[in-house]
Amino acid sequence: MHSSGWGSSERLDWASAVLDQAFEFSSASDYCIFIQHLVNSDRTVAEPWERVVAHADMDAFYASVEQLDDPKLRGRPVIVGPRSKRGVVLTASYEARPFGVGSAMPMVKALRLCPDAIVVPPRFERYTELSARIMAVFEDFSPDVEPLSLDEAFLDMTGSEHLFGPPRRMGEKIKAAIKEATGGLTASVGLSQTKYVAKVASGYQKPDGLTVVPKEDAVNWLAPQSVARLWGAGPKTQARLYALGYQTIGDIAGADLEKLQTTLGSLGNHLFELANARDPRRIEGHRVARSMGCDRTLNEDVSANEDILLYLRRSADHIARRLRRKNYLAGGVRVRLKTTEFKLLTRQCTLAEPTDVAQVLYAGAQKMLDRFDHPGPFRLVGLAAHSLEGADESRQLGLLDAGSARALEVTLDRLAERFGDNVIRRARDITQTTVVDQTPDLDFLRS
Ligand code: TTP
Ligand code: MG
Ligand code: MG
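Below you will find a few notes about this structure.

1. Thoughts on the overall build of the chain
Then comes step 1: Assigned secondary structure in the chain consists of 17 helices and 13 strands.
Then comes step 2: Within the chain, residue pairs in contact and separated by at least 24 positions form 65% of the contacts whose partners lie at least 6 positions apart.

2. As for the nonpolar core
Inside soluble globular proteins, nonpolar side chains tend to come together where they are buried.
Then comes step 1: Counting 67 residues, the largest nonpolar core has Ala54, Ile79, Leu155, Leu191, Val197, Ile252 and Ala275 as the members making the most contacts within it.
Then comes step 2: A per-element tally of this core places helix 5 (residues 124-141) first, with six residues.
Then comes step 3: Taken domain by domain, the makeup of this core includes at least three residues from each of domain 2 (48-214) and domain 3 (223-275).
Then comes step 4: Look past the residues within four positions of Ile252 in its chain and what remains in contact with it is Val227, Leu230, Tyr246, Leu271, Phe272 and Ala275.
Then comes step 5: Judged by nonpolar contacts, the second largest core, of 31 residues, contains Cys294, Val302, Leu323 and Tyr328.

3. Quick notes on the site of ligand 1
Then comes step 1: Taken together, 14 residues lie around ligand 1, and Phe61, Tyr62, Leu90, Thr91 and Ser103 are the ones closest in.
Then comes step 2: Secondary-structure elements contributing two or more residues to the shell around ligand 1 are strand 1 (53-58) and helix 3 (61-69).
Then comes step 3: Among the residues making up the shell around ligand 1, the classes are represented as seven nonpolar, two polar and five charged.

4. Section: the sheet that holds strand 2 (residues 78-80)
Two modes of strand pairing occur in sheets, parallel and antiparallel, and in both the strands are linked by backbone hydrogen bonds.
Then comes step 1: Spatially, three strands are ordered 3-2-4 in an open sheet, and the strand pairing comes out mixed. Looking along the sheet, the strands with just one partner apiece sit at the ends: strand 3 (91-92) and strand 4 (118-120).
Then comes step 2: Summarising the sheet, strand 2 and strand 3 pair through two bridges and their orientation is antiparallel. Bridging from a neighbouring strand, Val80 pairs with Thr91 of strand 3.

5. A closer look at helix 7 (residues 167-182)
Then comes step 1: Counted at 1.5 Å a residue, the expected span for helix 7 with its 16 residues is 22 Å, and the 23 Å between its end C-alpha atoms agrees.
Then comes step 2: Residues of helix 7 that are buried: Pro167, Met170, Gly171, Lys173, Ile174, Ile178 and Thr182. Across the axial projection of helix 7, the buried residues extend over an arc of 165°, all falling on one side.
Then comes step 3: Residues of helix 7 that are buried make contact with strand 1, helix 5, helix 6 (161-164), strand 7 (187-192) and strand 8 (210-212).
Then comes step 4: Looking one or two residues past helix 7, Gly183 carries a phi angle of roughly 85°, positive in sign.

6. Side note on unusual backbone geometry
Then comes step 1: Residue Pro207 is bonded to the preceding Lys206 through a cis peptide linkage, with omega at -10°.
Then comes step 2: Inspection of the secondary structure puts Pro207 in the loop between helix 8 (195-202) and strand 8.
Then comes step 3: Of note, the amide linkage connecting Gly376 to Pro377 takes the cis form, showing an omega dihedral of 0°.
Then comes step 4: Relative to the helices and strands, Pro377 is located in the loop between helix 15 (358-370) and strand 12 (378-390).
Then comes step 5: The phi angle at Ala60 is positive, at roughly 40°, despite the residue not being glycine.
Then comes step 6: Along the chain, the position of Ala60 falls in the loop between strand 1 and helix 3.

7. Describing the packing of helix 3 against helix 5
Then comes step 1: Two numbers describe how helix 3 lies on helix 5: the axes approach to 10 Å, and their chain directions differ by 100°. Here helix 3 lies roughly perpendicular to helix 5, going by the angle between them. Here Phe61, Tyr62 and Val65 of helix 3 come into contact with helix 5, specifically with Arg126, Tyr127 and Leu130.
Then comes step 2: Class assignment of the residues belonging to the contact of helix 3 with helix 5 gives a composition of five nonpolar, no polar and one charged.

About the thresholds
- Residues numbered from 1 in each chain as written.
- Chains lettered and ligands numbered in written order.
- Predicted model: local features only at pLDDT ≥ 70, side-chain atom pairs only at ≥ 80, totals over all residues.
- Helix = DSSP H or I, 4+ residues; strand = E, 2+ residues; numbered from the N terminus.
- Contact = placed C-beta atoms within 7 Å.
- Core = buried A, V, L, I, M, F, W, Y, C linked by C-beta atoms within 7 Å.
- Buried ≥ 20, exposed ≤ 12 C-beta atoms within 10 Å, placed from the backbone.
- Domains from an automatic or database assignment.
- Near = placed C-beta within 6 Å.
- Nonpolar A, V, L, I, M, F, W, Y, C, P; charged D, E, K, R; others polar.
- Pairing = 2+ DSSP bridges.
- Expected span 1.5 Å × (residues − 1).
- Arc of directions from axis to C-beta.
- Axes fitted to C-alpha atoms, helices over the stretch in contact; angles between N-to-C directions.
- Parallel < 35°, antiparallel > 145°, perpendicular 65-115°, else oblique.

This is the structure we're talking about:
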């Protein structure tokens, strides 16, 4: 699918071009300068890095999706967040950022800073859909992908030069593939030999950035940057570092380690290591999500058991399909109900056997529902599968009890894959369309 880096015919073309040009030089020193230039250029086949870590993060993700879907928003300051004045900004497009608008800022303040901004309410389902496409692109590039959120991931690219070329080419290819798969969204990518430096590098030239930091440059490259860029240095730690006279990462890299340890304990050691670009952490590509849930905020509050069960049934179908897609089994279920006073009530249980069958999740949820003693009404009905584990073959054999239900559900999965999730609806669901807001599938957020 991906074209390889340098083929042998390309190499021959290049070598003959070098020779052709070499004969044109009038002096030996011109020729030497030319060769030096080639050696330094990206086209030379450099020694592969011992480890290659890429970090990719979408630019102004939610806002860019809104601009992608609505051309009228392109080039304009866009704020994604609830229209309510009480809300906070989820993100802002790059056109709004020079005004100082950013994530987590109260909406009122954001609109004071940028009165011309267009506020767009979030569409989590759409972000989730694009996120899944982006993650699928990452998986085309590496078997070891560690997602950190809907819009970013680490990719272990070690040893893949023969497929994608040197690190800079890898980054270019990842960016181009994301753009193509999403219909035009941009990502910023950083590449280095460690996770920490790759992450800082992806943020270095946002938006649409590409920053490559070879191992030998990493310490010098980090040095002038603010201590705020150190992982694990939250606002409190930053204040302490400033008080101790440390402004930049270079100040920490050159600090007296004992002094750092006395004042900051083990965090001091951690920051010292990062500042010196040492970060041995591997990319954790195969961690399993802890839970997978589906909360539905309803247009009209519900009290009757049969209405609540309807939503639980739908959520069970949805979650079980995701479990099967990701090859997970759930060890338990959790039901959440939110009262009209916004009080969140939770009941959870462990299942007799881990499962990925909707009918079993639903049966568990039904039992949990009996344990709530609040009469309602409720504004939110949520179901989650918890205690997830990878489904290996031996566990599958234990699913015999629910075997026929599972077989039916797998058949429905295939239909849904071919014709879309909405092709199959339970008869009762067809008349019900009262969900106003559904939380995004955060399957990628593996903690
Ligand atoms: P980020 O990657 O942190 O931000 P971003 O993609 O909007 O912008 P940047 O170019 O700086 O990476 O977060 C990804 C999405 O997650 C973001 O578009 C909206 C959402 N988000 C929130 O809902 N609340 C928050 O506080 C943050 C930081 C992000
Ligand atoms: Mg982002
Ligand atoms: Mg991000």
